[in-house]
Every structure is written in C-alpha cells, then in structure tokens.
Amino acid sequence: CMHESLYNNPFLQENLTRAESYGLKIIPPRFGEGKAKIARLETIVAGLSHDLSEDPLRGKKILVTAGPTPVKIDAVRKITNKFRGTLGKFIAQEAYLRGAEVKLLLGETGMPVPEYLDVQYHSDFDQYYQNVFSALAEQKYDFGIFSAAVADFKPKEVYAGKFPSEEELHLDFEHTPKVIREVRERFPELYMVTFKFEQGVSKEELLGIAQERVLSGFQMVVANRGEDYVGEKHGAYIVGKEGVLAQPEGKKEIARELLEILGRESWEN
C-alpha cells in the first residue's frame, strides 16, 4: 500500500513500464482513500491463472454479451426482462481463467463483476446494438458468445420527457433488429455461440428449434426452457452440428462445458 501520488510518480511509472518491456506481468493496484492498495487476492489468483494457463483457449479473443437490453418508453421508464447476465458473467470469468482475452458487454443491473474483467455496460437496446458492432469492428474475435437477453420488441415511438402518470398509456410495438442475424451477415467468419430460451415447448421441440438455428449458419446453440429452471438449477442443452454435445446443469457447469467444447474446437482448427 502506498499513497496514490507516490504510485503516479514518473520515476516509478517509468520503472514499471521498463519491467513490462522485459516480459514481467504487472497486476495494477486498486485505488481508494487516496492510496494505491495491493490488488484483491481474487484478482491476483485470476491473473496468475490467466497468464500461466495452457488451455487451448489461451490467447483467443472472445466477445461475450450478457444481461438485459431494455427498451425505452419515455425518458425515465423502460421495459426489461428478469435476466441479469449471471451466466454470461460466469462464461467471461471461465474464459479469462483459461487464458483468453475477453470482452464482456453487460446490461446495467448492478450485478458485481470481478475487477479483472474488461466490461462495457449498456443501459438499453440501442446502446447494446452499438456496443456489439463497435467491438466487432475494433478487432477480430475468434469466438462470439451471445448470451444477452435481447429485447424482441420496442415501442414505435418514445415519449419525449416523462409521460404523465395521470394519463392512460397506449403503446404500439415493432420488432427490434435481429442482432445475431446481422452479426452473422456482417462477420461471416466469426464462430458464433447463440442462446435460445423457450417456454411451453417440449424438450424435443426445443432441440428442433436449436438444430434449425445451427443449420441456418450458427456454429453452436445453448438452448433451455423455462421449465428447466428449478430453484438454482438451470438445465441446458449445448447443440452443435452433430446434435446435443452436452447437457450441463447449473450456470457454472454450463460455462465450463461450453468453454471445454470451444477449447476442443480451437485445438482442432
């Protein structure tokens, strides 16, 4: 722990830069109360795992999207869904620990995220849309994992200001742009993992829907049903061109199984 002004001293910064040029990994401190404090133990351990990993995903660039993408009604009201992005966060963490270079696009739900992850937040659908295509334009990703709970509809008109609470509100909706379809068209070489949530369908119907998506040009689909949520249990089917590749239960298990499969794909390719 040192005073922040000492950490920012140009002589110290010059030495840190020189150390990095020699191949040393510098885990930066966390700042608070005017001091540069040693990084949290979780961050140090994650950094060691990331840099020492021998996993096939080491060095691979992975984009992960997660959380809701609300649509605006007026300047203060939005329509959203119940999903917070926990699964996407676990996927991003697991990928980072395996040595991948990860960027996480996450809806603003207040969910805590490890400080070692590169996170960019979106507050609504329009910002999510912009963040996705900006990230893909900035660099080439090896994998895109699209677990965000993307809004399917939005109001045709957004009220300017705050709609008066005394008046009746009537909304007309239209479809939002299908982000994953547009990504597929604009970035045909990107390996895409998409997610499909259904309710009121059988397991066979769910797998049929997932297989149709794979056949339409997406390499992998993680499919699940509302009926598969029982408390903390979160069952899912990971579907590829060969059929069901895994049936993990639990969000951390889904993240691990998915990245194991992507690691094998990376090794084979």
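Just above sits the structure.
Once a new chain begins, its residue numbering starts again from 1 and follows that chain's sequence as written. It should be noted that, the model being predicted, local features are given only for residues of pLDDT at least 70 and side-chain atom pairs only at 80 or more, the latter also being counted only at that level, while totals for whole chains, interfaces and linings use all residues. The side-chain numbers reported here are obtained from all heavy atoms of the structure, hydrogens and water having been left aside.

### Brief notes about the overall build of the protein
Under the scheme used here, helices are H or I runs from DSSP no shorter than 4 residues and strands are E runs no shorter than 2 residues, and both carry numbers assigned from the N terminus. From N to C terminus, the protein includes eight helices and 17 strands. Along the three orthogonal principal directions, the C-alpha set of the protein runs to about 60 × 55 × 40 Å. Think of it in three bands: with a 1.4 Å probe and only protein chains considered, a residue is buried below 20% of the maximum accessible area for its type, exposed above 50%, and partly exposed in between. The burial tally for the protein puts 44% of its 269 residues in the buried class. Summarising the internal contacts of the protein: among those between residues at least 6 apart in sequence, 63% fall at separations of at least 24. Computed by Shrake-Rupley with a 1.4 Å probe, the accessible areas treat only the displayed protein chains as cover when residues are assessed. Split by element, the accessible area of the protein, about 15200 Å² in all, is 50% carbon and sulfur. Charge assignment: positive for Lys and Arg, negative for Asp and Glu; neither His nor the chain ends contribute. Note that the charge is assigned to NZ on lysines, CZ on arginines, CG on aspartates and CD on glutamates. Charge centroids of the protein, computed over 35 positive and 42 negative side chains, lie 3 Å from each other. Should any heavy atoms of two residues lie within 4.5 Å, those residues are counted as being in contact.

### As for the packing of aromatic side chains
Two aromatic rings, drawn from Phe, Tyr or Trp (for Trp, its six-membered ring), form a pair once their centres lie within 6.5 Å of each other, and the interplanar angle then sorts them: stacked below 30 degrees, edge-to-face above 60, tilted otherwise. Evaluated as defined, the whole model comprises seven aromatic pairs. Between Phe83 and Phe197, the aromatic rings sit 5.5 Å apart at their centres with planes inclined by 70°, giving edge-to-face as the arrangement. Of this pair, Phe83 sits in the loop between strand S6 (78–79) and helix H4 (86–97) while Phe197 sits in strand S12 (residues 191–198), and the two are 114 residues apart along the sequence. With 6.3 Å between their ring centres and 40° between their planes, Phe125 and Tyr129 make a pair best called tilted.

### What to know about helix H6 (residues 179–186)
For the α-helix, the turn length of 3.6 residues means that residues three or four positions removed from each other point alike. Where H6 is concerned, the buried positions are Val179, Ile180, Glu182, Val183 and Arg184. On its buried side, H6 packs onto helix H5 (125–138), strand S9 (143–146), S12 and helix H7 (203–215).

### With respect to the sheet that holds strand S4 (residues 61–66)
Remark on secondary structure: sheet strands pair via backbone hydrogen bonds, oriented parallel or antiparallel. Strand pairing is defined by DSSP finding a minimum of two bridges between the two strands. One open sheet holds the eight strands; their spatial order is S8-S7-S4-S9-S12-S13-S16-S17, and the pairing between them is mixed. In this open sheet, the two edge strands, each paired with only one partner strand, are strand S8 (118–122) and strand S17 (243–246). This sheet shows a mean twist of 20° between the axes of neighbouring strands, independent of strand direction. Relative to strand S13 (residues 220–225), S12 is paired through six bridges, and the arrangement is parallel. Within the sheet, the bridge partner assigned to Glu198 lies in S13 and is Arg225. For helices, the fitted line uses only the C-alpha atoms of the stretch in contact; every axis is such a line through C-alpha atoms, and the angle between N-to-C directions lies from 0 to 180 degrees. Along the sheet face, H5 touches S4, strand S7 (101–107), S8 and S9 and points at about 145° away from the line of S8.

### Things to note about the pairing of S4
Most of S4 sits out of view: five of its six residues are buried. Where S4 lies against S7, six bridges are found, and the strand directions are parallel. Across the sheet, the residue bridging to Lys61 is Glu101, located in S7.

### A few points about the sheet that holds strand S1 (residues 2–3)
Strand order in this open sheet of three strands is S1-S3-S2, and the pairing throughout is antiparallel. Only two strands of the sheet have a single partner each, and these edge strands are S1 and strand S2 (30–32). Note that S1 and strand S3 (residues 35–37) share two bridges and pair antiparallel. Each bridged residue has a counterpart across the sheet, and for His3 the counterpart in S3 is Lys35.

### What to know about helix H2 (residues 10–21)
Between its first and last C-alpha atoms H2 spans 16 Å; for 12 residues at 1.5 Å apiece the expected length is 16 Å, and the two agree. A distance of 2.8 Å separates the backbone nitrogen of Phe11 from a side-chain oxygen at the start of H2, and that oxygen is part of Asn9. A positive phi of about 95° marks Gly23, the residue just after H2. Any helix carries an expected span of 1.5 Å times its number of residues minus one. Side-chain atoms alone can form a polar contact between residues adjacent in sequence; in general such a contact is a pair of N or O atoms within 3.5 Å, and within protein one must be able to donate a hydrogen while the other accepts it.

### Quick word on the nonpolar core
One recurring pattern in soluble globular proteins: nonpolar side chains tend to sit buried together. For our purposes a nonpolar core is just a set of buried Ala, Val, Leu, Ile, Met, Phe, Trp, Tyr and Cys residues, chained together by side-chain atoms within 4.5 Å. With 35 residues, the main nonpolar core has Ile91, Ile145, Val193, Leu258 and Leu262 as its most contacted residues. Looking at this core, the elements with two or more residues in it are S4, H4, S7, S9, S12, S13 and helix H8 (251–268).

### As for the packing of H5 against H6
Where H5 meets H6, the closest approach of the two axes is 11 Å, and the angle between their N-to-C directions is 20°. Comparing the axis directions of H5 and H6 gives the class roughly parallel. As H5 runs across H6, the sense of the crossing is right-handed. Residue-level inspection shows Phe125, Tyr128, Tyr129, Val132, Phe133 and Leu136 of H5 in contact with H6, the latter providing Val179, Glu182, Val183 and Arg186. Roughly parallel means an angle under 35 degrees; roughly antiparallel, over 145; roughly perpendicular, 65 to 115; everything else is oblique. For a crossing to be left-handed, the near helix must be turned anticlockwise from the far one by less than a right angle; the clockwise case is right-handed.

### What about the packing of helix H3 (residues 41–52) against H4?
At their nearest, the axes of H3 and H4 sit 7 Å apart, and the two run at 55° to each other. Relative to H4, the element H3 lies oblique. Contact with H3, carried on its side by Glu42, Ala46, Gly47, Ser49 and His50, involves Gln93, Tyr96 and Leu97 of H4 and no other residues of that element. When residues are sorted by character, Ala, Val, Leu, Ile, Met, Phe, Trp, Tyr, Cys and Pro go into the nonpolar class, Asp, Glu, Lys and Arg into the charged class, and all the rest, Gly among them, into the polar class. Considering only residue class, the contact of H3 with H4 consists of three nonpolar, four polar and one charged.

### Things to note about the pattern of salt bridges
Whenever a carboxyl oxygen of Asp or Glu lies within 4 Å of a side-chain nitrogen of Lys or Arg, that contact is scored as a salt bridge. All told, the structure shown has 13 salt bridges when counted by the stated rule. Across the pair Lys140 and Glu189 runs a salt bridge whose closest N-O atoms are separated by 3.8 Å. Here the residue Lys140 occupies a position in the loop between H5 and S9, and Glu189 occupies one in the loop between H6 and S12, the gap between them amounting to 49 residues. As far as the burial class goes, Lys140 and Glu189 line up, both exposed. The partner of Glu253 in a salt bridge is Arg256, with the nearest N and O atoms 3.4 Å apart. Of this pair, Glu253 and Arg256 both sit in helix H8, separated by three residues, roughly a single helical turn.

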